[in-house]
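# Summary of structural features
These are the residues of each chain, in order.
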Amino acid sequence: MQIKDLIPWARKDHAPEAKSGDDNPVATLQRDMNRVFESFWNRVGDLDWPWGGGDAKSDVVDTDDAVEVSIELPGMEMKDIEVSVSDDMLTVKGEKKVERQEEKKGYYLSERSYGAIYRTIPLPPGVDGDRAEASFRNGVLTISLPRTPEAQARVRRIEVKGG
C-alpha cells in the first residue's frame, strides 16, 4: 500500500480500497467512518431542520407599522399548522402526512410521505402579539404582527442630505 492510498482527496472514491488480508487499522477505520457518515447524511439530508433547509422558505419584513412573516408550506393544509407568539418569539409548527394505497391486478402500491417544519423567529421589541393575525392561502402562511402605538411613535425619519 502506498501513502497516496491513505489520502482521501488523492482518490476518486475517497476511501481506501479493501484488499484481502488488509489489516491496516487506519484504512479500516477510515472505511468504517466514511460508511457511518455517508449513511448518516443519506438519512438526514431530506429532513426539514429548524434553522433552515427543507421545503419551507421564510421571509421576514420589518415595517414601521408591523412585522410581516411569510412562510411557504407546500403540501400542508391549514389544519396541520400551529402558530404561537410568546414574549419576543414567534413559533410556527407544521406537519404533513400523505398516504396513498393502490391495488390493481398483479400489484399493490403503498406510499407514505412525511414532512415537518418548526421555525422559531425572534421578534423585535414593540410588537403587539395579542393583535397578531395569520392567514393561509395557496400554500403560503402569512403572519402580521402589528407594532404597539408606543413603538410606532418612536419611529423617526431621518433626512438624508447630499455630500
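All residue numbers refer to position in the chain's written sequence, counted from 1. Whole-chain, interface and lining totals are the exception, using all residues; otherwise, since this is a predicted model, local features are given only for residues with pLDDT of at least 70 and side-chain atom pairs are given and counted only at 80 or more. Calculation of side-chain values draws on the structure's entire complement of heavy atoms; hydrogens and water are dropped beforehand.

## Focus: a nonpolar patch on the surface
Like-charged residues are merged into a patch within 9 Å and nonpolar side chains (Val, Leu, Ile, Met, Phe, Trp, Tyr) within 5 Å, provided each residue has over 30% relative accessible area and no salt bridge. Every accessible area reported is derived by Shrake-Rupley at a probe size of 1.4 Å, with residue values counting cover from the shown protein chains alone. The term salt bridge refers to a side-chain nitrogen of Lys or Arg lying within 4 Å of a carboxyl oxygen of Asp or Glu. On the surface, a nonpolar cluster with roughly 300 Å² of combined accessible area is contributed by Leu29, Met33 and Phe37. Runs of H or I in DSSP of at least four residues are treated as helices and runs of E of at least two as strands, each being numbered from the N terminus. Structurally, the position occupied by phenylalanine 37 is in helix 1 (residues 25-44). Three exposure classes are used, based on accessible area relative to the maximum for each residue type with a 1.4 Å probe and protein chains only: buried under 20%, partly exposed in between, and exposed over 50%. Residue classification places phenylalanine 37 among the partly exposed residues on the basis of a relative accessible area of 46%.

## Regarding the pairing of strand 7 (residues 140-146)
Each pair of strands is called paired provided DSSP finds at least two bridges between the two strands. Sheet analysis places strand 2 (residues 66-72) next to strand 7, joined by seven bridges and oriented antiparallel. By the bridge assignment for strand 7, valine 69 is matched with isoleucine 143. Sheet analysis places strand 6 (residues 133-137) next to strand 7, joined by five bridges and oriented antiparallel. By the bridge assignment, serine 135 is partnered in strand 7 with threonine 142. Between strand 6 and strand 7, which follow one another and run antiparallel, lie two residues, and asparagine 138 among them has a positive phi close to 55°.

## Side note on the environment of threonine 148
Mapped onto the secondary structure, threonine 148 falls in the loop between strand 7 and helix 2 (149-153). Threonine 148 gets classed as buried once you look at its relative accessible area, which sits at 18%. Threonine 148 sits 22 residues away from glycine 126 along the chain, and the two C-alpha atoms are 5.5 Å apart. Any two residues whose heavy atoms approach within 4.5 Å are treated as being in contact. Not counting residues up to four positions away in its chain, the partners in contact with threonine 148 are Gly126, Val127 and Asp128.

## So, the pattern of salt bridges
Opposite charge on two side chains permits them to pair, given that their charged atoms come into close proximity. The tally for this structure, following the rule as stated, stands at ten salt bridges. We note a salt bridge from glutamate 99 to arginine 112, for which the minimum N-O separation is 3.9 Å. With a gap of 13 residues between them, glutamate 99 in strand 4 (residues 89-104) and arginine 112 in strand 5 (residues 107-122) connect regions that are remote in the sequence. With respect to class, glutamate 99 is no different from arginine 112; both count as exposed. Of the charged contacts in the structure, one is a salt bridge between arginine 100 and glutamate 102, with a shortest N-O distance of 3.1 Å. Residue arginine 100 is classed as partly exposed on the basis of its relative accessible area, which comes to 39%. Among the charged side chains, a network of salt bridges with common partners joins Arg100, Glu102, Lys104 and Glu111.

Just distances and angles here, no functional claims.
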